[in-house]
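Structural description and commentary
Read off the chains here:
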Amino acid sequence: MSKEKHHRDWILRRCCGSICACFLTLAAVVGFIILVVYLALHPSKPSFYLQDVQLRSIDLTDPAITIDLQATIASRNPNERVGVYYKSLDAFATYRDEPVTVPVVLPAIYQGHKDASVWSPVMSGDAVPVSSYAADAMRQDIAAGYVLLHVRVEGRVKWKVGSWVSGGYHLFVNCPALLAASGGGAVGGAFAASAAAGVPAGVNTTTVTLKFTHPADCTVDV
């Protein structure tokens, strides 16, 4: 009886050991799959750069702003094994967190591994209403010879790994665009002269020349 009991105990330990080994192997496989899926679903976010801004016209009449500009925005996919689908992208400009142009739809594209893309949207706004605070601040900035705008891109992106494509993720891009008077001089004289002559408070390309100072990196959130 003792030999049979010992044999049963040995078989039981053997079975328990096999079951534990199977569970450990299964846990390792599941952990590896989770790691692969995690890496696939959380690739490095794309990089964005504001290469150029051409201010065509700007007219400030309280409490609205009319502005027309063209921006050149570049994007690069830093991933070696993950592609990026850019879906339903909108670009617009803001001043002190207030929109001053209407959103412009950017072409949807696929960006392969380590690829780069460029968009050149024309953004404009006709008498876009802004707060009196923003209008006064822009007058002061123009008089000082500079205006800091922000070019923003919002939309959705999808990741592509092999033949697998993820669901959509929200994309938020913010690019600072510092516009300054040629030579760094103030332009308040022409602006003040227009106001003194009884012309409604406003600024246009005949009195103000502001140019993009230098390319800028953009903040990206996905």
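Reading the values: rules and limits
- Residues numbered from 1 in each chain as written.
- Predicted model: local features only at pLDDT ≥ 70, side-chain atom pairs only at ≥ 80, totals over all residues.
- Heavy atoms only, no water.
- Buried < 20%, exposed > 50% of the residue type's maximum accessible area, 1.4 Å probe, protein only.
- Helix = DSSP H or I, 4+ residues; strand = E, 2+ residues; numbered from the N terminus.
- Pairing = 2+ DSSP bridges.
- Disulfide = S-S within 2.5 Å.
- Expected span 1.5 Å × (residues − 1).
- Phe/Tyr/Trp six-rings, centres within 6.5 Å; stacked < 30°, edge-to-face > 60°.
- pLDDT = per-residue confidence, 0-100.
- Salt bridge = Lys/Arg side-chain N within 4 Å of Asp/Glu carboxyl O.
- Core = buried A, V, L, I, M, F, W, Y, C linked by side-chain atoms within 4.5 Å.
- Contact = heavy atoms within 4.5 Å.

Per an unreviewed UniProt entry, the chain carries the name Late embryogenesis abundant protein LEA-2 subgroup domain-containing protein and comes from Urochloa decumbens.

Two faces belong to every sheet, and in a regular strand the side chains alternate between them. Where burial is concerned, most of strand β2 (residues 64–76) is hidden: 10 out of the 13 residues are buried. Pairing of strand β1 (residues 47–61) with β2 involves 13 bridges; the strand directions are antiparallel. For F48, the partnering residue across the bridge sits in β2 and is S75. Counted along the chain from β1 to the antiparallel partner β2, the turn is 2 residues long. By the bridge criterion, 6 bridges tie β2 to strand β8 (residues 122–129) in an arrangement that is antiparallel. Residue D68 lies in a different strand from β8, and its bridge partner there is S124.

So, about the state of the cysteines. Tallied over the entire structure, the rule returns 1 disulfide. Disulfide partner of C175: C218, at an S-S distance of 2.0 Å. Torsion about the S-S bond of the C175 and C218 cystine: about 110°, corresponding to right-handed handedness. Pair noted here: C175 is in strand β11 (residues 169–181) and C218 is in the loop between β13 (216–217) and β14 (219–221), with a separation of 43 residues, a long-range link. Both residues of the pair, C175 and C218, belong to the buried class.

Along an α-helix, a turn takes 3.6 residues, which lines up residues three or four apart on a common side. Between the first and last C-alpha of helix α2 (residues 132–144) there are 18 Å, a value that for 13 residues agrees with the 18 Å anticipated at 1.5 Å per step. What α2 keeps buried is the set A134, A135, A137, M138, R139, D141 and I142.

On to the packing of aromatic side chains. Under the criterion given, the structure shown has 5 aromatic pairs. With 6.1 Å between their ring centres and 85° between their planes, F48 and Y86 make a pair best called edge-to-face. Placement of the pair is F48 in strand β1 and Y86 in strand β3 (residues 83–95), with a sequence separation of 38 residues. Given a relative accessible area of 1%, F48 falls into the buried group. Centroid distance W159 to Y169: 6.5 Å. Interplanar angle 45°. Geometry classified as tilted.

When pLDDT is averaged along the chain, the result is 82; 76% of the residues meet or exceed 70. β14 holds the highest mean pLDDT among the elements of the chain, 97, whereas helix α3 (residues 188–196) holds the lowest, 39.

On to the pattern of salt bridges. Taken as a whole and assessed by the stated rule, the structure comprises 4 salt bridges. For D68, the salt bridge identified is with R56, shortest N-O distance 3.9 Å. Residue D68 is found in strand β2, and its partner R56 is found in strand β1; the two are separated by 12 residues along the sequence. Taking relative accessible area as the criterion, D68 reaches 18% and is therefore assigned buried. The exposure class assigned to R56 is partly exposed, which follows from its relative accessible area of 41%. One salt bridge in this structure joins D141 and R96, with 3.9 Å as the shortest N-O distance. Separated by 45 residues along the polypeptide, D141 in helix α2 and R96 in the loop between β3 and β4 (98–99) bring together distant segments of the chain.

Our next topic: the nonpolar core. When a protein is soluble and globular, its nonpolar side chains tend to lie buried together. By size, the foremost hydrophobic cluster in this structure holds 44 residues, and its most contacted members are F48, L50 and M138. If we ignore the near neighbours within four places in the chain, the residues touching M138 are I58, L60, I65, Y95, V147 and L149.

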